[in-house]
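Reading the structure
Chain by chain, the residues run as shown.
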Amino acid sequence: MLHPDEHTTERDRGSTLILALVLMVIGGLIVIPTLTYASTVIKANRVGSEKNQSSETAKAGLRVALADPAGLYEGCAGAGITIGVTLPQPNIDKQVTTTCYLIDEALEEEDATVRYGVATVEANSVVPAGGSGAVYPSSGNPVTNAWLADTTPESELDKIWLPNLPVHSFDQRGAAGYLMEAGYFDAAYSECRVYFPGTYQDPVTISGPTYFGSGVYYFESEITFTSGANAVAGNGAVQGCTTDQDAAFYAINGPTRHNLNGLGVVFIFGDDGRMVVQNDTGPDAVRLVMQERLANPEDPAQRSASGTSIMTVNGDTAGVDELLDVPGRIYVPRSLVGAETPVPASTQSYIASTLTSKPTAPTAPQNVVATPYKRAATVTWQAPVSDGLSQITGYLVTNDKDGATCSTTGELSCAMDGLNPGFNYKFTVVATNAVGNSPDAETPTSILPADTRPVMTVPASPAPASVTEFWLTANEITWTAPTNTGGAPITGYTAYEVNSGKTCTAAPSKRKCIISGLSLVTAREFEVTATNLEG
């Protein structure tokens, strides 16, 4: 049997247990959330602090990068549209990774280092005075063609850019293009005509609102932008009357294979292809925007066209994959296609441009006239209509009796003596350039150099000469042709400095020359004589 005090102790213990349970419940409802909240606040403060540190670190990295814009540009030089370049870690406490992508290479450079190819992409623009890029030293020597060793298919500073052609679509396109469905172009346009990348063999005329979808266009005939043309070529910064995506979906009866790719366009001209933009003014003035061609740098078929707008198929139309080579005059390498394993352009159905400046022999001289003298004759003529794109280096005159000749180095007349007074003579004139000889041009009638004809004489004196100081020991002498040439063409001039005996000579068309090596203390006196066949 329990003692009464023991009953009381058991009751107290039960009450204490209940009170402890109540306190535990209260603690769970109040204290634990309070601790959780405090822990969350502490963590949030730490995250915010770390975020602020990261933000400031990023700003610091950006400030470091922008502190030297030229260095930033040079550091990002290898960047591409989809290929990033990781820049060096800036000298700050936090780890920062900076990656740059190419957006517009032309805007980052200073004026003094902008390449001509970037500075003059706009029609009628003037090359900036500070633009870089000197003429390649051996570019004027078509015999050695040493410049070929410095060409590159990629655009590189201080290199001669000779890009390969991109692979183009063989799909034949019509010259009329495709109209867009109503409602899928700006209301300001009454209509919108679309052209898709491909091969255009027929002449194309553009007038009104026009959009060229992004890709590669190959023209074998003329494309003309005429009055009222408002054309945008390719997606880019300037909005056209439609876009690539809408053109692909909503062009009326559009092609099943649209060949749209990349951004922007490149126009390639081969065979008889060329682009003509009429220079109208006023409300009908032609507007043509060609967005820069951006192609996937990992696509070897298209990469070579990236950054270009207009290309020409190089080569000689005389044969397949022939070089355009006129020794001593011009050398144009044949075009290749592709970036990884280039192939000749003809294997991709490209035809070399017929508009490439290939020199030929000149056409025949015109209006040949012979004037008889006693046992002599002068022959005059006019220059050929075409010099064959190569400067005429001389003329040769031949008579039809004994084959005697006279020649010039470019003058349009010469004299021939020693003719038989009893024969009638005709004369032929042939022009020569670096490529070859022209057809013969003949006098329409014959002449008789009889003894009763006037006698050729030496020319009169040239008109008084003027003298200017060229430098301290040299003078330039200038004169005008004599009014009487003695019946024969002037063949040259000689200027003399009387006291020293020093001379200089000039061709008939020049009429000035420089005498150098003259004394600084002796007075100078000059004379000029003209010479013809007689003296």
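All values reported here derive from a predicted model rather than from experimental measurement.

Attention now goes to the sheet that holds strand β16 (residues 310–312). If you walk across this open sheet you meet the four strands as β7-β10-β13-β16, and the pairing is parallel. Either end of the sheet is taken by a strand with one partner, and the two such strands are β7 (198–200) and β16. In this sheet, neighbouring strand axes are inclined to one another by 20° on average, regardless of whether the strands run parallel or antiparallel. Examined bridge by bridge, strand β10 (residues 215–219) and strand β13 (residues 265–269) share five bridges and lie parallel to one another. Note that in β13 the partner of Tyr217 across the bridge is Phe267.

What follows concerns the environment of Thr531. Along the chain, Thr531 falls in strand β33 (residues 526–531). Of the residues examined, Thr531 reaches a relative accessible area of 30% and is grouped as partly exposed. Thr531 sits 37 residues away from Thr494 along the chain, and the two C-alpha atoms are 8.2 Å apart. Apart from the residues lying within four places of it in its own chain, the contact partners of Thr531 are Pro459, Pro489, Ile490, Thr491 and Gly492.

This next bit is on the pattern of salt bridges. On inspection of all chains with the given rule, the structure shows five salt bridges. Between Arg274 and Glu222 there is a salt bridge; the shortest N-O distance is 2.6 Å. Here Arg274 is found in strand β14 (residues 274–277), whereas its partner Glu222 is found in strand β11 (residues 222–225), with 52 residues between them in sequence. Looking at Arg274, the relative accessible area reads 43%, which means it is partly exposed. Glu340 is the salt-bridge partner of Arg303, the closest N and O atoms lying 3.1 Å from each other. Of this pair, Arg303 sits in the loop between β15 (287–290) and β16 while Glu340 sits in the loop between β19 (336–337) and β20 (343–344), and the two are 37 residues apart along the sequence. The exposure class assigned to Arg303 is partly exposed, which follows from its relative accessible area of 22%.

Sheet strands pair via backbone hydrogen bonds, and the direction of the pair is either parallel or antiparallel. One open sheet holds the five strands; their spatial order is β5-β6-β9-β12-β15, and the pairing between them is mixed. Of all the strands in the sheet, just β5 (178–179) and β15 have a single pairing partner and so form its edges.

Below, the discussion takes up unusual backbone geometry. For residues besides glycine, phi is generally negative; the peptide bonds are generally trans as well. In this model, Asn253 sits at a positive phi of 55°, which is unusual for a non-glycine residue. Within the secondary structure, Asn253 is located in the loop between α4 (244–250) and β13. Its identity as a non-glycine residue notwithstanding, Arg375 has a phi of 55°, on the positive side.

This part is about the confidence of the model for the protein. For the protein, mean pLDDT is 79; residues scoring 70 or higher make up 78% of the total. Segment residues 104–125 is flagged for pLDDT under 50; beyond a separation of four residues in sequence, or across chains, it makes 29 contacts in the model.

Now for a nonpolar patch on the surface. A surface patch of nonpolar side chains, about 660 Å² in accessible area, is lined by Phe470, Trp471, Leu472, Ile514, Leu520 and Val521. Relative to the elements of secondary structure, Phe470 occurs in strand β28 (residues 463–471).

Let's shift gears to the packing of aromatic side chains. The description of an aromatic ring pair uses the distance of the two centres, along with the angle that the planes make with each other. Applying the stated criterion across every chain yields a total of 18 aromatic pairs. Among the aromatic side chains, those forming a connected cluster through ring pairs are Tyr195, Tyr200, Phe212, Tyr217, Phe219, Phe225, Phe267 and Phe269. Sitting over the ring of Tyr425, Lys401 keeps its end group 5.8 Å from the ring centre.

With that settled, the discussion passes to the nonpolar core. With 18 residues, the main nonpolar core has Val379, Trp381, Val397, Phe427 and Val429 as its most contacted residues. The set of elements that each furnish at least two residues to this core consists of β21 (366–373), β22 (376–382), β23 (394–399), β25 (413–417) and β26 (427–432). Val379 has contacts with Val368, Val369, Ala370, Val397, Leu412, Ser413, Cys414, Phe427 and Val429, leaving out every residue within four places of it along the chain. By size, the runner-up hydrophobic cluster in this structure holds 16 residues, among which are Phe219, Ile223, Phe225 and Ala229.

Looking now at the state of the cysteines. What is meant by a disulfide is a covalent connection between two cysteines, made through their sulfur atoms. Across all of its chains, the model carries three disulfides by this definition. Between the sulfur atoms of Cys192 and its disulfide mate Cys241 the distance is 2.0 Å. The sign of the 65° torsion about the S-S bond sets the Cys192-Cys241 disulfide as right-handed. Taken together, the positions of Cys192 in the loop between β5 and β6 (193–195) and Cys241 in the loop between β12 (230–233) and α4 put the pair 49 residues apart, joining distant regions of the chain. Take Cys192 and Cys241: they sit in the same class, and that class is buried.

Burial within strand β30 (residues 492–497) is extensive, with five of its six residues counted as buried. Sheet topology note: the β30/β33 ladder contains six bridges and is antiparallel. Bridge pairing in β33 links Glu497 to Phe526. Sheet analysis places β30 next to strand β31 (residues 503–506), joined by four bridges and oriented antiparallel. Considered in β31, the bridge of Thr494 is made with Thr505.

Parameters and conventions
Every chain is numbered independently, its residues counted from 1 as its sequence is written. Per-residue local features of the predicted model are confined to residues with pLDDT of at least 70, and side-chain atom pairs are confined, for both listing and counting, to 80 or more; whole-chain, interface and lining totals are unaffected and use all residues. Only hydrogens and water are set aside when side-chain values are computed; all heavy atoms of the structure are taken into account. At least two DSSP bridges between two strands are needed for those strands to be called paired. Secondary structure is summarised from DSSP: a helix means a run of H or I of at least four residues, a strand means a run of E of at least two, and numbering begins at the N terminus for each. Think of each axis as a best-fit line through the C-alpha atoms, taken over the contacting stretch in the case of a helix, with angles from 0 to 180 degrees between the N-to-C directions. Residue burial is assigned from relative accessible area. The probe radius is 1.4 Å, only protein chains are included, and a residue is buried under 20% of its type maximum, exposed over 50%, and partly exposed in between. Note on definitions: a residue-residue contact is assigned when non-hydrogen atoms from the two residues lie within 4.5 Å. In what follows, salt bridge is the name for a side-chain nitrogen of Lys or Arg lying within 4 Å of a carboxyl oxygen of Asp or Glu. Note: pLDDT gives the predictor's confidence per residue, expressed from 0 to 100. A residue counts toward a patch only above 30% relative accessible area and without a salt bridge, and it is joined to like-charged neighbours within 9 Å or, for Val, Leu, Ile, Met, Phe, Trp and Tyr, to nonpolar neighbours within 5 Å. Residue-level accessible areas treat just the shown protein chains as cover; the underlying method is Shrake-Rupley with a 1.4 Å probe. Each pair of aromatic rings taken from Phe, Tyr and Trp, with Trp reduced to its six-membered ring, is defined by centres within 6.5 Å and is described as stacked if the planes are under 30 degrees apart, edge-to-face if over 60, and tilted in the remaining cases. Only lysine NZ and arginine CZ atoms are considered, and such an atom sits over a ring when it is within 6 Å of the ring centre and within 35 degrees of the ring normal. What makes a nonpolar core is a set of buried Ala, Val, Leu, Ile, Met, Phe, Trp, Tyr and Cys residues whose side-chain atoms join them at distances within 4.5 Å. For the purposes of this analysis, a disulfide is any pair of cysteine sulfur atoms at a distance within 2.5 Å.

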